[in-house]
Structure formats: structure tokens, C-alpha cells
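As a plain string of letters, each chain reads:
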Amino acid sequence: MSLNENLLGPEPTLLPERPEAQAAVDSGIAPVEVVRAYPDLSEAWALLAETALDGDDPVAAYAYARTGYHRGLDQLRRAGWKGFGPVPFAHRPNQGFLRSLAALSRAAGGIGEVAEQDRCAKFLADSDPAAPAQLGL
């Protein structure tokens, strides 16, 4: 072990701020319009997934959540994430990825894909132990 290694594990990954995209979400514009303007914004995909779940459409929710999840993974990797380590929910830009992950877990359960539901719930808890409770899992 070198002197530069962090004995407590990797530093939290914080996605970059996106003020224009966040403003679009916060303005109340329909999530589908936000996706059209910012197709890589996980939070917009998470909103679509959550709306589909609220409308009892787990198949559409699964597709939306899977897209938001993958967009978020791409961004996390670009931010230096190595596939493990903290992704704090308290950091707003991380919330889209984490919300997509929670919605993916719920949608997977809605279509009977229990292994995927459990995997996503565990991944969410591993990313931020407080996130499942904050997201209703």
C-alpha cells in the first residue's frame, strides 16, 4: 500500500453541475420536453420513469429508468468513478442517476424481474446508504 492510498475507500463521485438543464427540470416543463432538450440528463429520464410507475405502467417505467441509469453510468465514469464507491444523493447532479436506479428497481419488480429489482436496490444502497429511504425503497 502506498502512502497516497485512501484507507477509507474511494472519494465520493460528484457529477458536474448543469444549471441550464436543472433550470429546465425545476421550471415545470414536461419531462419529455426536458429529455428532448437534454437527452443525457438522467433526472429527466427518472421523472419519466416515476410518472410511468405512478400510472401503473412498469414496462414504460423500466425503459425510461434503464435509459436514465445508463446515461448516469456514462457520466459517472467520465467523472472518474471506477464502478464502486460513494455517489451521494445529497449532491443534486447525482440524484438523476440514483432516482433512475430506484425507479429501475421498482419497475423490475413490477414486471417480475426480482433478481434485477434486488440488484438495483443493493446498488442504490451501496452508492449511498441513505438513498433507499429517501427514494421510497
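Residues numbered from 1 in each chain as written. Predicted model: local features only at pLDDT ≥ 70, side-chain atom pairs only at ≥ 80, totals over all residues. Heavy atoms only, no water.

1. Some thoughts on the packing of aromatic side chains
Per the counting criterion, the structure on display carries five aromatic pairs. Centroid distance Tyr69 to Phe97: 5.9 Å. Interplanar angle 20°. Geometry classified as stacked. A residue pair is termed long-range when its members are at least 10 positions apart, and Tyr69 in helix 4 (residues 58–78) and Phe97 in helix 5 (residues 92–110) qualify at 28 residues. Here Tyr69 matches Phe97 in class, with each residue buried. With a centroid separation of 6.2 Å and 90° between ring planes, the pair formed by Tyr69 and Phe123 is classed as edge-to-face. (Phe/Tyr/Trp six-rings, centres within 6.5 Å; stacked < 30°, edge-to-face > 60°. Helix = DSSP H or I, 4+ residues; strand = E, 2+ residues; numbered from the N terminus. Buried < 20%, exposed > 50% of the residue type's maximum accessible area, 1.4 Å probe, protein only.)

2. Details of the side chain of Glu43
Secondary-structure assignment places Glu43 in helix 3 (residues 42–54). Accessibility expressed as a relative area gives 5% for Glu43, which makes it buried. Side-chain polar atoms of Glu43 contact the side chain of Gln22, separated by 2.9 Å. Setting aside chain neighbours within four positions, we find Glu43 in contact with Gln22, Val25, Arg92, Gly96 and Arg99. (Polar contact = N/O pair within 3.5 Å; in protein donor to acceptor, adjacent residues only side chain to side chain. Contact = heavy atoms within 4.5 Å.)

3. Looking at the nonpolar core
Residues Tyr69, Phe97, Leu98, Leu101, Phe123, Leu124 and Leu135 are the most contacted members of the largest nonpolar core, which totals 26 residues. Sorting the residues of this core by element identifies helix 3, helix 4, helix 5 and helix 6 (114–127) as the ones contributing at least two each. Per-element tally for this core: the top contributor is helix 5, with eight residues. With near-sequence residues (within four places) excluded, Phe97 lies in contact with Ser42, Tyr69, Gly72, Leu73, Leu76, Val87 and Phe123. If you look at the next biggest cluster of nonpolar residues, it comprises nine residues, including Ala21, Ala24, Trp45 and Leu48. (Core = buried A, V, L, I, M, F, W, Y, C linked by side-chain atoms within 4.5 Å.)

4. Some points on the pattern of salt bridges
Inspection of every chain in the model, using the stated rule, returns nine salt bridges. A salt bridge links Arg119 to Glu116; its shortest N-O distance comes to 3.0 Å. With Arg119 and Glu116 both in helix 6 and three residues apart, the pair spans about one turn of that helix. Overall, the relative accessible area of 37% leaves Arg119 in the partly exposed class. (Salt bridge = Lys/Arg side-chain N within 4 Å of Asp/Glu carboxyl O.)

5. What to know about the environment of His91
Position of His91 relative to the elements: it lies in the loop between helix 4 and helix 5. Spatially, the C-alpha atom of His91 lies 24 Å from that of Tyr62, the residues being 29 residues apart in sequence. With residues near it in sequence (within four places) discarded, His91 still touches Leu14, Leu15 and Glu17.

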